[in-house]
Amino acid sequence: MRANSYGDALGDFLLDRRLRELSKGARQGYPKSMTEGEAIRARREEKESRGEEFNRATDVPLLESEQDAVARFSDWLIELVRDAVLEFNDNKTNGDAPTSKSPSIFCTLVVSHSALLRSALMSMFTKEKLIASGATFDSPTHLVIPNTSLTIVDVTPDLENDCWQSQTCLDVSKSGDNMWKATLVEFGWTGHYDLIPKE
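Residues numbered from 1 in each chain as written. Predicted model: local features only at pLDDT ≥ 70, side-chain atom pairs only at ≥ 80, totals over all residues. Heavy atoms only, no water.

Draft legend 1. Focus on a nonpolar patch on the surface. Judged by side-chain polarity, Leu-109, Val-111, Leu-150, Ile-152, Val-185 and Trp-189 come together as a nonpolar surface patch covering roughly 550 Å² of accessible area. Those elements giving two or more residues to the nonpolar patch turn out to be strand E6 (150-157) and strand E7 (180-189). By secondary structure assignment, the location of Leu-150 is in strand E6. (Patch = residues over 30% accessible without salt bridge, like charges linked within 9 Å, V, L, I, M, F, W, Y side chains within 5 Å. Areas by Shrake-Rupley, 256 points an atom, 1.4 Å probe, with all protein chains shown as cover. Salt bridge = Lys/Arg side-chain N within 4 Å of Asp/Glu carboxyl O. Helix = DSSP H or I, 4+ residues; strand = E, 2+ residues; numbered from the N terminus.)

Draft legend 2. Region of the structure containing the side chain of Arg-18. Note on placement: Arg-18 falls in the loop between strand E2 (11-12) and helix H1 (36-49). One polar contact links Arg-18 to Asp-75, side chain to side chain, over a distance of 2.8 Å. For Arg-18, the side chain forms a polar contact with the side chain of Glu-79, separated by 3.2 Å. (Polar contact = N/O pair within 3.5 Å; in protein donor to acceptor, adjacent residues only side chain to side chain.)

Draft legend 3. The packing of aromatic side chains, seen in detail. Tallied over the full model, the rule gives one aromatic pair. Their ring planes at 40° and their centres at 5.5 Å tell us that Phe-73 and Trp-76 sit as a pair that is tilted. Placement of the pair is Phe-73 and Trp-76 together in helix H3 (residues 66-93), with a separation of three residues, close to one helical turn. With relative accessibility at 9%, the residue Phe-73 sits in the buried group. (Phe/Tyr/Trp six-rings, centres within 6.5 Å; stacked < 30°, edge-to-face > 60°. Buried < 20%, exposed > 50% of the residue type's maximum accessible area, 1.4 Å probe, protein only.)

Draft legend 4. Summary view of the pattern of salt bridges. Summed over all chains, the structure comprises nine salt bridges. Across the pair Asp-75 and Arg-18 runs a salt bridge whose closest N-O atoms are separated by 2.8 Å. Of this pair, Asp-75 sits in helix H3 while Arg-18 sits in the loop between E2 and H1; the two residues are 57 residues apart in sequence, bridging distant segments of the chain. By relative accessible area, Arg-18 is classed as buried at 16%. Measuring nitrogen to oxygen at the nearest pair gives 3.5 Å for the salt bridge that ties Glu-52 to Arg-50. Judged by relative accessible area, Glu-52 falls into the partly exposed class, the value being 34%. Among the charged side chains, a network of salt bridges with common partners joins Asp-16, Arg-18, Asp-75 and Glu-79.

Structural data, given as structure tokens:
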């Protein structure tokens, strides 16, 4: 959701496939405890129980790596920052002072699943930075993200970067590193849990 300012409940709602959950291959839609082999057997048995022929190439969803997820998330983030910079520059060119109608702060709410968010956050911040912000790991590389928790990341474009001056940042395919600075403001906030009535 894109809003005009902090606290503005109104905004544009957009669905973007780049923010979908990681595809877990054969295990998609099955318990996490299932192995790949068990999930394939379960899919085969389900098809055959309906009298249908099982075709692994078409009946098993693609398995996506964390690198695949980070690549599509990064593509989305670059596009988001690019659009914000273009809008900010348009406002400056038109002589608009930053207001709720032409903000210098752009707020975007992303609602997604933990595997995508975990991959994105671990690509943006070091493990040490995440731990310093209150994150926990249940294994050396598995960041725990509580369900329905709120994480706030402040992304500030580096307008001094040559790519913004030459406008190569505006072409997602040519975007490079260090186009922005990301700051982890809040990690995994679950204060709303306290609002749930206790039995």
